[in-house]
Amino acid sequence: MASFLTALRRLYLSIYNWTIFIGWFQVLFLALKTLKESDHEHVYNAVEKPLLLAQSAAVLEILHGLVGLVRSPISSTLPQIGSRLYLTWGILWSFPEIRTHILVTSLVISWSITEIIRYSFFGMKEAFGFAPSWHLWLRYSTFLVLYPTGISSEVGLIYFALPYIKASNKYCIRMPNKWNFSFDYFYAAILTLGTYVPGSPHMYRYMLGQRKRALSKSKKE
């Protein structure tokens, strides 16, 4: 019974990882194709559907951690996915005015390259039980460049979206109301920006630690 459940788990995770890999590959392909044929202002419109689907599907990774399908700690998975979903739905989807900014292109390319490598790596591990050494190196080294470019793009897009957030009053709850509660999305966005100050260096150090452990382990093997 245990072996059957293990095989079922690996089959599910293989399908999941390769499916999301295809989604992110499509995002990167469409982004590069659009840059070649027109300019950065059209990148978001070209990648919107696969971007929304691929990034939203990452919610399942939180569930995978909660039920023990994977060993990734929720403490690192939740903030990463949460910030990605916030940018995808709370900024880009919610405020069309920001979609033509050049930082959308750097964001999409940074995210997609990172995820293409990550999902194909875990897809290989689940489907075949191993991944080539070069793939391991890419998995734990490309973030050295792509994490700073991705985070910088995220922070920049939230900052440049602030005037549109303030002017729109979207997602705000004003007093008086029956709940006796108010919420201002503009100030929530500023608070979110503030979390990047301690959060980004902490996450970067965490990934450096992961890299050191993963690469040293591969040398021993």
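Per an unreviewed UniProt entry, the protein carries the name Very-long-chain (3R)-3-hydroxyacyl-CoA dehydratase and comes from Durio zibethinus. UniProt annotates the protein under Sequence similarities (unreviewed entry) with the comment "Belongs to the very long-chain fatty acids dehydratase HACD family."

**What about the packing of helix 5 (residues 102–128) against helix 7 (residues 143–168)?**
Between two packed helices, the angle of one axis relative to the other and the distance separating the axes together describe the packing. It is at 8 Å that the axes of helix 5 and helix 7 come closest, and there the two elements cross at 145 degrees. Crossing of helix 5 over helix 7 shows left-handed handedness. For the pair formed by helix 5 and helix 7, the contact residues are Leu103, Val104, Ser106, Leu107, Ser110, Trp111, Ile113 and Thr114 on the first element and Leu146, Thr149, Gly150, Ser153, Glu154, Gly156, Leu157 and Phe160 on the second. Tallied by class, the residues present in the contact of helix 5 with helix 7 amount to eight nonpolar, seven polar and one charged.

**Comments concerning a nonpolar patch on the surface**
A surface patch of nonpolar side chains, amounting to about 720 Å² of accessible area, comprises Trp89, Trp93, Tyr171, Ile173, Trp179, Phe181 and Phe183. Looking at the element boundaries, isoleucine 173 is found in the loop between helix 7 and helix 8 (185–220). When its relative accessible area of 31% is taken as the criterion, isoleucine 173 is described as partly exposed.

Procedures and definitions
Residue indices follow the written sequence of each chain, beginning from 1 at its first position. It should be noted that, the model being predicted, local features are given only for residues of pLDDT at least 70 and side-chain atom pairs only at 80 or more, the latter also being counted only at that level, while totals for whole chains, interfaces and linings use all residues. No hydrogens and no water enter the side-chain calculation; it runs on all heavy atoms of the structure. UniProt positions are given in the numbering used here, feature names are shortened, and annotations may be inferred rather than shown by experiment. The convention used is that axes are lines fitted to C-alpha atoms, helices contributing only their stretch in contact, and that angles between N-to-C directions extend from 0 to 180 degrees. In this description a helix means any DSSP run of H or I spanning at least four residues, a strand means any run of E spanning at least two, and both kinds are numbered starting from the N terminus. A crossing counts as left-handed when the near helix is turned anticlockwise from the far one by less than a right angle, and as right-handed when that turn is clockwise. In what follows, residue pairs with any heavy atoms lying within 4.5 Å of each other are defined as contacts. Throughout, the ten residues Ala, Val, Leu, Ile, Met, Phe, Trp, Tyr, Cys and Pro are labelled nonpolar, Asp, Glu, Lys and Arg are labelled charged, and all others, Gly among them, are labelled polar. Nonpolar side chains (Val, Leu, Ile, Met, Phe, Trp, Tyr) are joined into patches within 5 Å and like charges within 9 Å, using only residues with over 30% relative accessible area and no salt bridge. Working definition of accessibility: Shrake-Rupley area with a 1.4 Å probe, residue cover restricted to the visible protein chains. Whenever Lys or Arg places a side-chain nitrogen within 4 Å of a carboxyl oxygen from Asp or Glu, that contact is recorded as a salt bridge. Accessible area is worked out with a 1.4 Å probe on protein chains only. A residue is then buried under 20% of its type maximum, exposed over 50%, and partly exposed in between.

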